[in-house]
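The lines below spell out each chain.
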Amino acid sequence: MAPQPNTPASGALTLLGIETSCDETAASVVRRWPDGRCEVLSSIISSQIAAHAPYGGVVPEIAARAHVETIDGIIAEAMSEAALTFAALDGVAATAGPGLVGGVMVGLSAGKAIALALGKPLIAVNHLEGHAVSARLGARIDYPFLLLLVSGGHCQLLDVEGVGRCRRLGSTMDDAAGEAFDKIAKSMGLPYPGGPALERLAEGGDPMRFVLPRALVGRQGCDFSFSGLKTAAARMAEGVTDPVDRRDLAAAVQAAISRQLAERSERAMAIYLRAHGGAERRFVVAGGVAANATVRATLQTVAGAQGFSFTAPPLVYCTDNAAMIALAGAERLAAGLTNGLDAAARPRWPLDETAALASPTHVPGRKGAKA
Ligand code: KG4
Ligand code: ZN
């Protein structure tokens, strides 16, 4: 298709999104209409999985270098697949954190350069806000909604009240759910990334054969903890070599993680309802772990029981991508929220800064949860 000019009469906003906060270099063009509908014109993702696999996890220096090497080509591919010229863009959205800061700087600098060259607005997007809107790439979801954000670096429950307005209801006190999947998978000898590998191994397994500890039973609020489960599963994995036993242990791990996510979400639903009354019962799950079928099914059951609608992003938008960054940028731009070219790359950037500052689970430093 020949490059098309934008159609300003429609009131649509067309944004380039750039994502480089972890181990995917991604660029996407998304068009959003004033009524909230959106269309993904392109979404290109270059995964670095092969580069990190020998180390069993993401190596920040390797990630940053790979982003530098691929970002220009990925952006060009996204523009070409969208069949648009840069002049047709209304703005450029780039992830500005939280994440591995070397990678974030690569994508943010690219975004700044394009915005400066075009004379168009820059929107510095919080990666978590991208995940928060990712389900809106596949379905119309009005604000407010209750969000369970579950990925490799994050595990939190948020009351999402509007563009950039989130109230944190709970978060992990140790590992994120994806991190628990990855570490347990590693202790079972599965390849990185462990979540999808563990889900494949668990297929057809009996989740009841191995008994794993239940965390935070009876604890008020909706924080999470996966470290006890991680230690217990790793210890069990040492003595389990038979293929059927391994399958059943994987199924038990997956069920235990799903159960905790569901239990804490159920508590958050009660808190959310107290804040919003009975009217807006929407529950959304997002982030890489939302790709897990057992997690989705368990959460859907809880949502149904509490009278909440349940939405998960299309599978391709569960894990890191730039379409969600472009959409978050478009929503911000429509609300008049843009950033200067001095926007900083932030390794840590909680969505609910007030709650993060008040909570001991969010101390700065290596041990603190990323957000
Ligand atoms: O959202 P994401 O791509 O990156 C972060 O922002 O962290 O999430 C990646 C995480 C990894 O921990 C990965 O193992 C997990 O999501 N994950 C899964 C599945 N697919 C990805 N966990 C369980 N089951 C899956 N199918
Ligand atoms: Zn992510």
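In short, a report on the structure.

Rules used throughout
Residues numbered from 1 in each chain as written. Chains lettered and ligands numbered in written order. Predicted model: local features only at pLDDT ≥ 70, side-chain atom pairs only at ≥ 80, totals over all residues. Heavy atoms only, no water. Helix = DSSP H or I, 4+ residues; strand = E, 2+ residues; numbered from the N terminus. Rg over C-alpha atoms; globule rule 2.2 N^0.38 Å. Buried < 20%, exposed > 50% of the residue type's maximum accessible area, 1.4 Å probe, protein only. Contact = heavy atoms within 4.5 Å. Areas by Shrake-Rupley, 256 points an atom, 1.4 Å probe, with all protein chains shown as cover. Lys, Arg positive; Asp, Glu negative; His and termini not counted. Charge placed at Lys NZ, Arg CZ, Asp CG, Glu CD. Core = buried A, V, L, I, M, F, W, Y, C linked by side-chain atoms within 4.5 Å. Pairing = 2+ DSSP bridges. Axes fitted to C-alpha atoms, helices over the stretch in contact; angles between N-to-C directions. 1 Å grid on protein atoms, 1.4 Å probe; cavity = no way out; pocket = protein on both sides within 12 Å on 5 of 7 lines; lining within 4 Å. Points joined across faces, edges and corners; volume = space filled by probe spheres on them. Nonpolar A, V, L, I, M, F, W, Y, C, P; charged D, E, K, R; others polar. Salt bridge = Lys/Arg side-chain N within 4 Å of Asp/Glu carboxyl O. Near = heavy atom within 4 Å. Polar contact = N/O pair within 3.5 Å; in protein donor to acceptor, adjacent residues only side chain to side chain. Donors = N, O, S within 2.8 Å, 3.2 Å for Na, K, Ca; no water. Tetrahedral: all angles 85-135°; square planar, octahedral: opposite > 155°, others 65-115°.

1. So, the overall build of the protein chain
- A tally of helices and strands in the protein chain yields 11 helices and 10 strands.
- Scaling as 2.2 N^0.38, a compact globule of 371 residues should have a C-alpha radius of gyration of about 21 Å, and the protein chain matches this with 20 Å.
- Considered along the principal axes of its C-alpha atoms, the protein chain spans approximately 60 × 50 × 40 Å.
- Expressed as a percentage of the 371 residues in the protein chain, the buried residues total 53%.
- Summarising the internal contacts of the protein chain: among those between residues at least 6 apart in sequence, 72% fall at separations of at least 24.
- Surface summary for the protein chain: the accessible area is close to 15200 Å², and the carbon and sulfur share equals 56%.
- Charge-centre separation for the protein chain: the mean point of 34 positive side chains lies 5 Å from the mean point of 35 negative side chains.

2. Overview of the nonpolar core
- In terms of nonpolar packing, the biggest core is built from 51 residues, with L148, L198, F226, I257, L261, F283 and L299 touching the most fellow members.
- Elements with a contribution of two residues or more to this core: β6 (145-150), β7 (155-162), α5 (177-187), α6 (194-202), α7 (227-238), α8 (243-276), β9 (282-286) and α9 (293-305).
- Counting residues per element, this core draws most heavily on α8, which supplies 12 residues.
- Apart from residues lying up to four places away in sequence, F283 is in contact with L146, L148, L157, S265, M269, L299, A303, F308, S309, F310 and T311.
- Of all hydrophobic cores here, the second largest spans 27 residues; its members include I44, A78, A94 and L122.

3. A look at the sheet that holds β7
- One open sheet holds the five strands; their spatial order is β8-β7-β6-β9-β10, and the pairing between them is mixed. With partners counted over all chains shown, the strands left at the sheet margins are β8 (165-171) and β10 (309-311), one partner each. The average undirected angle you get between the axes of adjacent strands in this sheet is 25°.
- Bridge count for β9 against β10 is three bridges, and the pairing is parallel. Its bridge partner being in β10, V284 is matched across the sheet by T311.

4. So, empty space enclosed by the protein
- Counted by the stated rule, this structure contains two cavities of 30 Å³ or more.
- Within this model, the largest cavity holds a volume of roughly 80 Å³.
- For the largest cavity, the lining is made up of 13 residues, of which E129, V133, Y143, G162 and G164 are closest to its centre.
- Elements that contribute at least two residues to the lining of the largest cavity include exactly α4 (127-133), β7, β8 and α10 (323-334).
- Per-element tally for the lining of the largest cavity: the top contributor is α4, with three residues.
- Of the residues assigned to the lining of the largest cavity, the class counts are eight nonpolar, two polar and three charged.

5. As for the pattern of salt bridges
- For the structure shown, the criterion picks out 14 salt bridges.
- Its salt-bridge partner being R37, residue D35 comes within 3.1 Å of it at the nearest N-O pair.
- Of the residues examined, D35 reaches a relative accessible area of 37% and is grouped as partly exposed.
- The partly exposed category is assigned to R37, whose relative accessible area is 48%.
- D245 is the salt-bridge partner of R209, the closest N and O atoms lying 2.8 Å from each other. Within this pair, whereas R209 is found in the loop between α6 and α7, its partner D245 is found in helix α8, the two being separated by 36 residues in sequence.
- Using a relative accessible area of 43% as the deciding quantity, one classes R209 as partly exposed.
- Here the residues in one salt-bridge network are D175, E179, K183 and K230, joined through shared partners.

6. A look at the site of ligand 1
- Around ligand 1 lies a shell of 19 residues, among which G152, D182, E199, N292 and D320 are the nearest.
- A distance of 3.0 Å separates an oxygen atom of ligand 1 from a polar atom in the backbone of D320.
- Taken by itself ligand 1 offers 550 Å² of open surface, and the protein chains cover 90% of this.
- Elements that contribute at least two residues to the shell around ligand 1 include exactly α4, α5 and α6.
- The residue inventory of the shell around ligand 1, partitioned by class, reads five nonpolar, 11 polar and three charged.

7. Description of the coordination of the zinc ion (ligand 2)
- The coordination sphere of the zinc ion (ligand 2), as far as protein atoms go, consists of H127 (NE2), H131 (NE2) and D320 (OD), spread over 2.0 to 2.1 Å.
- Considering all four donor atoms around the zinc ion (ligand 2), angles at the metal cover 96 to 138° and the coordination shape is irregular.
- Counting gaps between the donor residues of the zinc ion (ligand 2) yields the pattern H-x3-H-x188-D. In this pair, H131 is assigned in helix α4 and D320 in the loop between β10 and α10, connecting sequence segments 189 residues apart. Note on accessibility: H131 and D320 belong to one class, buried.

8. Here's the deal with the pairing of β8
- Burial analysis of β8 places five of its seven residues in the buried class, the great majority of the element.
- Where β7 lies against β8, six bridges are found, and the strand directions are antiparallel. Each bridged residue has a counterpart across the sheet, and for Q156 the counterpart in β8 is S171.
- Hairpin connection between β7 and β8: a loop of two residues separates the two successive antiparallel strands, and G164 in this loop has a positive phi of roughly 70°.

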